[in-house]
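The lines below spell out each chain.
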Amino acid sequence: MIEASRIEFFARAGAATVYEAHGRVGDIDPALRAIVAGLAIAGPAFCVRCEPGDNLALHHAVAEAAPGDVIVLSGDGAACGYLGDILAEAAASRGIAGVVVDGFVRDAAELNRMRFPVWARGLAIRGATKIHPGEIGQPVHCGGVRVAPGDLVVADDDGACAVPAADIGRVFEATGRRLAQEVEMRERLRQGALTLDLLDLRKYLSPVDAAQPR
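Definitions and limits used
- Residues numbered from 1 in each chain as written.
- Predicted model: local features only at pLDDT ≥ 70, side-chain atom pairs only at ≥ 80, totals over all residues.
- Heavy atoms only, no water.
- Salt bridge = Lys/Arg side-chain N within 4 Å of Asp/Glu carboxyl O.
- Helix = DSSP H or I, 4+ residues; strand = E, 2+ residues; numbered from the N terminus.
- Buried < 20%, exposed > 50% of the residue type's maximum accessible area, 1.4 Å probe, protein only.
- Contact = heavy atoms within 4.5 Å.
- Phe/Tyr/Trp six-rings, centres within 6.5 Å; stacked < 30°, edge-to-face > 60°.
- Core = buried A, V, L, I, M, F, W, Y, C linked by side-chain atoms within 4.5 Å.
- Pairing = 2+ DSSP bridges.

Undergrad: Give me the pattern of salt bridges: which residues, what numbers.
TA: Per the counting criterion, the structure on display carries 12 salt bridges. One salt bridge connects E20 with R178, and the closest N-O pair in it is separated by 4.0 Å. Placement of E20 in helix 2 (residues 15-21) and of R178 in helix 6 (residues 168-190) is noted, with a sequence separation of 158 residues between them. Between K203 and D200 there is a salt bridge, with its nearest N and O atoms 3.1 Å apart. Here D200 falls in the partly exposed class, since its relative accessible area comes to 42%. A cluster of three or more residues bridged by salt bridges with shared partners is formed by E20, R24, R178 and E182.

Undergrad: I'd love a proper account of the environment of G53, names of residues and values included.
TA: In this structure, G53 sits in the loop between strand 2 (41-49) and helix 3 (56-64). Under the relative-accessibility criterion, G53 is labelled buried at 18%. Sequence separation of G53 and G127 is 74 residues, and the distance between their C-alpha atoms is 8.0 Å. Setting aside chain neighbours within four positions, we find G53 in contact with A78, C80, Y82, A128 and T129.

Undergrad: Tell me about the packing of aromatic side chains, and name the residues and values.
TA: Under the definition given, this model contains 3 aromatic pairs. Ring plane angle 65° and centroid distance 5.8 Å describe the contact between F9 and F10, whose orientation is recorded as edge-to-face. F10 shares its class with F9; the two are buried. When the ring of F9 is compared with that of F172, the centres are 4.9 Å apart and the planes differ by 65°; the resulting orientation is edge-to-face. Here F172 lies in helix 6 and F9 lies in helix 1 (residues 4-13), a separation of 163 residues in the sequence. Chaining the aromatic ring pairs together yields one cluster made of F9, F10 and F172.

Undergrad: Pulling in residues and values, what's your account of the nonpolar core?
TA: In this structure, L58, I71, L83, V105 and L111 are the most contacted members of the largest nonpolar core, which totals 30 residues. Breaking this core down by element, the ones donating at least two residues are strand 2, helix 3, strand 3 (70-74), strand 4 (81-83), helix 4 (85-93), strand 5 (98-102), helix 5 (108-114) and strand 7 (118-120). Take this core: its biggest share by element is 4 residues, from helix 3. Every residue in contact with L58, bar those within four places of it in the chain, is listed here: V48, C50, I71, L73, Y82, L83 and L87. Formed by 18 residues, the second largest nonpolar core is a distinct cluster that contains A45, V72, A155 and A160.

Undergrad: Outline the pairing of strand 13 (residues 159-163), listing residues and values.
TA: Most of strand 13 sits out of view: 5 of its 5 residues are buried. In strand 13, alternate side chains face the same way, and those of G159, C161 and V163 on one face and A160 and A162 on the other are all buried. The pairing of strand 12 (residues 152-156) with strand 13 spans 5 bridges and is antiparallel. When the bridges of strand 13 are listed, A155 appears paired with A160. Hairpin connection from strand 12 to strand 13: 2 residues lie between these consecutive antiparallel strands.

Undergrad: I'd like a rundown of the environment of V100, residues and numbers included.
TA: Relative to the assigned elements, V100 resides in strand 5. Linking V100 and C47, residues 53 residues apart in sequence, is a C-alpha distance of 9.8 Å. In this structure V100 touches L32, V70, I71, V72, L73, W119, C142 and V153, once residues within four positions along its chain are discounted.

Undergrad: Could you give an account of the sheet that holds strand 6 (residues 104-105), with specific residues and numbers?
TA: Spatial ordering of the open sheet is given by 4-6-8, a layout of 3 strands whose pairing is parallel. The open sheet is flanked by strand 4 and strand 8 (122-123), the only strands paired with a single partner. Alignment of strand 4 against strand 6, held across 2 bridges, turns out to be parallel. The residue of strand 6 that forms the bridge with L83 is V105.

Now the structure itself:
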């Protein structure tokens, strides 16, 4: 269980900041993009593995996931619409925070009208079959990242990342420190400082290029 205040904090911090605070690991394949722009979510992962081209397991996951969960779906990238407007309506009605699909979705206009958070490899009009039970509640690989039930998932317009449950406390503290450092850095930049100096980057330049500006 992730505290509600921490979930809100991670969503505000954003996927890129959480990824950096986690030591630059856990980033889900950037091919998985936000279908509905301008949304940011965070929450515990509810994992589902669908057989390629079949979404019965996703229907099962929507029925079993708790409010606030982020459904993380491994579909082996099959070019079918694992999720459309009807399943999104069902998920939204149950309070599910969003869905991250290693595969494709459809009904983009309706998803945008609903403002339901979905990340996927793209859009595909081909319908999914509904005959293979797949698997829910077990670790999956989504966009090259292993995600287990209860892991933290953060997603926004930059993409999505995952943090193992055991690391959430440490990453929460590191995210707070990073946000504070960014506030200070912005203030110093407004006062005329350079990123070359604030980030100690001159040491990577040639001796001539690294010379302090006059």
